[in-house]
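Observations on chain architecture
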Amino acid sequence: MSFSIKKIALVGNPNTGKSSLFNWLTGLNQKVGNFPGVTVDRKSGTMLLNGQSVEVIDFPGTYSFFAKSEEEKVVQDVLRNRAHPDFPDLFIVVMDKTQWVRNFVLFSQLYDAGLPVLVAITMGDRQVPFEVDIDEFQKKLNVPLVSINGRTGEGVEDLKSAVMSFEEPERKVIVDDQFIHLLHDEAGQIADTKARYLWIQQHVPKKSRFNSKGKVNALDRWLVHPVWGYVIFLSILLVIFQFIFRFSTIPMDWIDGGFTHLATWLQGALPAGILSDLITQGLIPGIGGVCVFIPQIAFLFFFLSILEETGYMSRAVFIMDRLVRPFGLNGKSVVPLMSSVACAIPGVMSARTISQGKDRLITILVAPLMSCSARIPVYTLLIALVIPQEYWLGWIDLQGMVLLGLYLLGLVTALLVALVAKWLLKTVQPGFMVMEIPALQPPLWRQVFLTMWEKVRVFVVDAGKVIVALSMIIWALATFGPSERRALAVQRVEQTWQGSDDEKEKVLAAVNLENSYIGIMGKGIEPIIAPLGFDWKIGISIITSFAAREVFVGSLATIYAIGDDEEDNDRLMDKMKKDVRWDDGTPVYTLASGSALLVFYAFAMQCLATFAVVHRETQSWRWPIFQLVYMGLLAYLGAWITFILLA
Amino acid sequence: MEKKLLSKLKIGEHGVIGAVKGGFLAPKLADLGLFEGSDVAILYMAPLGDPLAVEVQGTVVSLRREEADWITVEA
């Protein structure tokens, strides 16, 4: 049997099980991109029907043809324009049986607009206190209709047959086929919506009325409770953090080790030379630097999609909204910000659920100020180095307090910056938080794992390119330098060296870095960073650690000729402690300069991957660059003030 | 029958929407079933009474207090 349908669009209200139908139809044959010009996910995939390949596009959840959000505007643009590249041969309208009346609005608009529609009814497995008379519906509207079960996949094959045998039915207008002209008429839109609600209630009434007036589900009573609601939310966050901090380090170490081994092995296998260095020191560590984030992203989205799937997320948004609103954020910003305490990358990615453009942008802009786990190695090294191991009142560990202080500094600054951004950023359209709170349900594991897979892939493919490219530039700058200058420096070491070969290797590495382009840049910025109490060695490490904050420690280890593969903080600290300024012989690392450096790292962006992911998520270079600059300025000023106060 | 703002209802109380103020929010509220003539009931509120969750047309919708102030109910 051959059929003419080549492209299908899935449309429907949010929370109807549309995505799970999409996953049943396409499996892993899907890709995620953006609709042109906006940051709205465009999920598409292919399915085979009788050997014919059909493209399926999963449109963002939409309540009405009259768009109120960026997501809905995307759908509206397609519905209005038959010449649109995404205009399909068939619309599958997904309608949730439990939200029958509301779901009818969008369906009837498509139907009245004369678009080719087929209805998929979901949630057939859910116990509802009413029955929808599906036969009556079909008889009245003469529209092909299939029941499917998003959990078991039951009915998906029937849906496929219905697609293959689809024929335009004859139809009458339900409410109004001229509603498209109401695009700029708010009162007309309301009247149209209302007429559609009333039509379905009159013509295909539910067999018993849904009647829970004022009755709240027992579980919900706990989840939004003024005390327990927050206790539950915090406990969930703690579990997520536990996984991201503790358990993700295990696969991260494997990935790290794997790439190091691969590089070492290739170094031996490839003929020595520039090409070999490029691959083993530039490219492979660059790709490794992308892959190392996979466990954190996978863990976080595993949990977040469970929270989303079960419907818990909207309860968390509900109880948090009022608390963060004064800062120009909304309840949906809370999870992305809290996630950023583990790692800003999945944090920024998870901001996609914020449909209000301005709130979303603010959340993305401030998320990297939250102290992420990559700052910990820098913090621990510097705190141990400059903060005395003392106890306040005999029991409060000063070093611990400083660490806590840095976390609070990040949080408070993030909120303050959000507040400032709220005033500075012009809003395109007024924001609102009217949102549906879906019924609680057990998670669909298939969905959870597909979401994880999709997020990891988006990060590796989209952000990965930028990360690898930029990290190779940094590598090249740290590896190459003016040859004469380098040769001279190396020669000097060769001629005067009297220690072991092993030690010489490390000293040469330090000399090479010092005389690389980055080394020259590090020395070049010394006058700029001198007011903060930093010297050129710190300057070099700041530049190299733009790749990732933790590189700071490794870079210092190279400069102090410790060898960066040795995780020998004690020896490094020892050398750092003894280091003195070349001009006046005072120690480089004092309470003032060390604290300034701590503050610098609390604020500075210093993360290539975040930069790349913000570029991906905002679809622009403007915002990641703006973020880099404002966080850099904040870091500089913060460090400067700290240095002055403590010096 | 008494007219009051939706935000003035207490938890468990319900009423029929009498009017929704015109403006950008009104069509959005209508999408979710919050238009003149709909039954609404207050289900629960976040601390400080903001936002609030209402049941309307068989679904649960959350609104900020300032958003609920667009709606007048007869209860």
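Residues numbered from 1 in each chain as written. Chains lettered and ligands numbered in written order. Predicted model: local features only at pLDDT ≥ 70, side-chain atom pairs only at ≥ 80, totals over all residues. Heavy atoms only, no water.

1. Observations concerning the interface of chain B and chain A
Interface size is often expressed as the accessible area that is lost when the parts come together. So the rule is basically this: Contacts are residue-level and defined by heavy atoms, with any inter-residue pair within 4.5 Å sufficient. Reported buried area values correspond to the accessible surface (1.4 Å probe) lost by two parts on association, with both partners' losses combined. In the sections that follow, a salt bridge refers to a side-chain nitrogen of Lys or Arg positioned within 4 Å of a carboxyl oxygen of Asp or Glu. Contacts described as polar in this section are N or O atom pairs within 3.5 Å, which, within protein, must combine one atom able to donate a hydrogen with one able to accept it, while residues neighboring in sequence count only if both atoms come from side chains.
The partner chain A presents 40 residues to the 38 residues of chain B that form the contact. When chain B packs against chain A, close to 3500 Å² is buried across both sides, 64% of that on carbon and sulfur atoms. Three residues stand out in chain B for area buried against chain A, namely B:Asp31, B:Tyr44 and B:Arg64, and they jointly supply 19% of the buried area on that side. Between the two partners, chain B and chain A, sit 4 salt bridges. As a salt-bridge pair, B:Asp50 and A:Arg325 come within 2.9 Å of each other at their nearest N and O atoms. Taken together, the connections running from chain B to chain A amount to 11 residue pairs in polar contact (both at pLDDT 80 or more).

2. Here's the deal with the pairing of strand E6 (residues 117-122) of chain A
Strand residues, when the strand is regular, have side chains that alternate between the two faces of the sheet. Residues and elements named next belong to chain A. Rules: For each residue, the accessible area found with a 1.4 Å probe, counting protein chains only, is set against the maximum for its type, and the residue is called buried under 20%, exposed over 50%, and partly exposed in between. For the purposes of this entry, the term helix denotes a DSSP run of H or I that reaches at least four residues, the term strand denotes a run of E that reaches at least two, and both are numbered from the N terminus. Here, strands pair whenever DSSP counts at least two bridges between them. Crossovers are described as right-handed under a simple rule: with the strands pointing away from the observer, the path leading from the first strand over the helix to the second runs clockwise.
With 6 of 6 residues buried, E6 is to be regarded as a mostly interior element. Along E6, one buried face is formed by Val117, Val119 and Ile121 and the opposite face, lined by Leu118, Ala120 and Thr122, is buried too. Relative to E6, strand E5 (residues 90-96) runs parallel, the two sharing 6 bridges. Looking at the pairing, Phe91 lines up with Val117 of E6. This β-α-β element, E5 to helix H3 (residues 100-112) to E6, shows right-handed connectivity. Pairing of E6 with strand E7 (residues 145-147), which is carried by 3 bridges, proceeds in the parallel orientation. Bridging across to E7, Val119 finds its partner in Leu145.

3. Re helix H10 (residues 274-291) of chain A
Residues and elements named next belong to chain A. The condition is simple: Multiplying 1.5 Å by the helix residue count minus one yields the expected span of that helix. We define the bend at each residue as the angle formed by axes fitted to the 7 residues ending at it and the 7 residues starting at it.
Between its terminal C-alpha atoms H10 stretches 24 Å, which fits the 26 Å expected from 18 residues at 1.5 Å a residue. Where H10 bends most, at Leu283, the angle is about 25 degrees, and the proline Pro285 comes one to four residues later. For H10, the elements touching its buried residues are helix H9 (249-269), helix H11 (294-310) and helix H18 (445-479).

4. Brief notes about the environment of A:Lys537
Residues and elements named next belong to chain A. Secondary-structure assignment places Lys537 in helix H23 (residues 536-544). With a relative accessible area of 13%, Lys537 lands in the buried category. Leaving out residues up to four positions away in the same chain, Lys537 has contacts with Leu556, Ile559, Tyr560 and Asp579. Here Asp579 takes part through its side chain, which lies 3.0 Å from a polar atom of the side chain of Lys537.

5. Points about the packing of aromatic side chains
All names here are of chain B. Stated formally: Any two of the Phe, Tyr and Trp rings considered here, Trp counted by its six-membered ring, make a pair once their centres fall within 6.5 Å; the pair's planes then place it as stacked at under 30 degrees, edge-to-face at over 60, or tilted in between.
Across all of its chains, the model carries 30 aromatic pairs over all chains by this definition. On the numbers, 5.4 Å between centres and 85 degrees between planes, the contact of Phe24 with Trp70 is edge-to-face. One end of the pair, Phe24, is in the loop between strand E2 (14-20) and helix H1 (25-31); the other, Trp70, is in the loop between helix H2 (65-68) and strand E6 (71-74), with 46 residues separating them in the sequence. Owing to a relative accessible area of 36%, Phe24 belongs among the partly exposed residues under this scheme.

6. Quick look at the confidence of the model for chain B
Residues and elements named next belong to chain B. Put simply, the rule is: Confidence of the predictor at the level of single residues is captured by pLDDT, which takes values from 0 to 100.
Overall, the predicted model of chain B reaches an average pLDDT of 92, with 100% of residues at or above 70. Model confidence for chain B, summarised as mean pLDDT per element, is weakest for strand E3 (residues 39-45) at 92 and strongest for E6 at 95. Across the assembled chains, the prediction reports ipTM 0.96 with pTM 0.88.

7. Things to note about helix H26 (residues 591-603) of chain A
All names here are of chain A. The end-to-end C-alpha distance of H26 is 18 Å, a good match for the 18 Å that 13 residues give at a rise of 1.5 Å each. In terms of burial, H26 is largely enclosed, as 12 of its 13 residues are buried. When we look at burial in H26, the residues that qualify are Ala592, Ser593, Gly594, Ser595, Ala596, Leu597, Leu598, Val599, Phe600, Tyr601, Ala602 and Phe603. Considering only its buried residues, H26 is in contact with helix H16 (376-386), helix H17 (398-424), H23, helix H24 (551-559) and helix H28 (622-646).

8. A look at the sheet that holds E7(A)
Residues and elements named next belong to chain A. For clarity, the threshold we go by: Convention adopted: a line fitted to C-alpha atoms gives each axis, helices being fitted over their contacting stretch, and angles between N-to-C directions are expressed from 0 to 180 degrees.
The strand order E2-E3-E4-E1-E5-E6-E7 describes an open sheet built from 7 strands, whose pairing is mixed. Of all strands in the sheet, those with a lone pairing partner are strand E2 (30-34) and E7, marking the two edges. If you compare each strand with its neighbour and ignore which way they point, the axes differ by 25 degrees on average.

9. So, the environment of A:Val341
Residue and element names in this part refer to chain A. Here Val341 is to be found in the loop between helix H13 (334-339) and helix H14 (344-350). C-alpha separation for the pair Val341 and Phe318, spaced 23 residues apart in sequence, amounts to 21 Å. Once residues within four sequence positions are removed from consideration, Val341 is found in contact with Phe241, Phe245, Met370, Ser371, Cys372, Ser373 and Tyr407.

10. Comments concerning the pattern of salt bridges
Residue and element names in this part refer to chain A. Enumeration over the complete set of coordinates arrives at 28 salt bridges over all chains. Note that Glu157 and Lys160 form a salt bridge whose closest N and O atoms lie 3.5 Å from each other. Taken as a pair, Glu157 and Lys160 lie in helix H5 (residues 156-164) at a separation of 3 residues, close to a single helical turn. According to the relative accessible area criterion, Lys160 is buried, its value standing at 14%. Its salt-bridge partner being Lys537, residue Asp535 comes within 3.7 Å of it at the nearest N-O pair. Put simply, Asp41, Arg352, Arg360, Asp462, Arg616 and Glu617 are held in one network by salt bridges that share partners.

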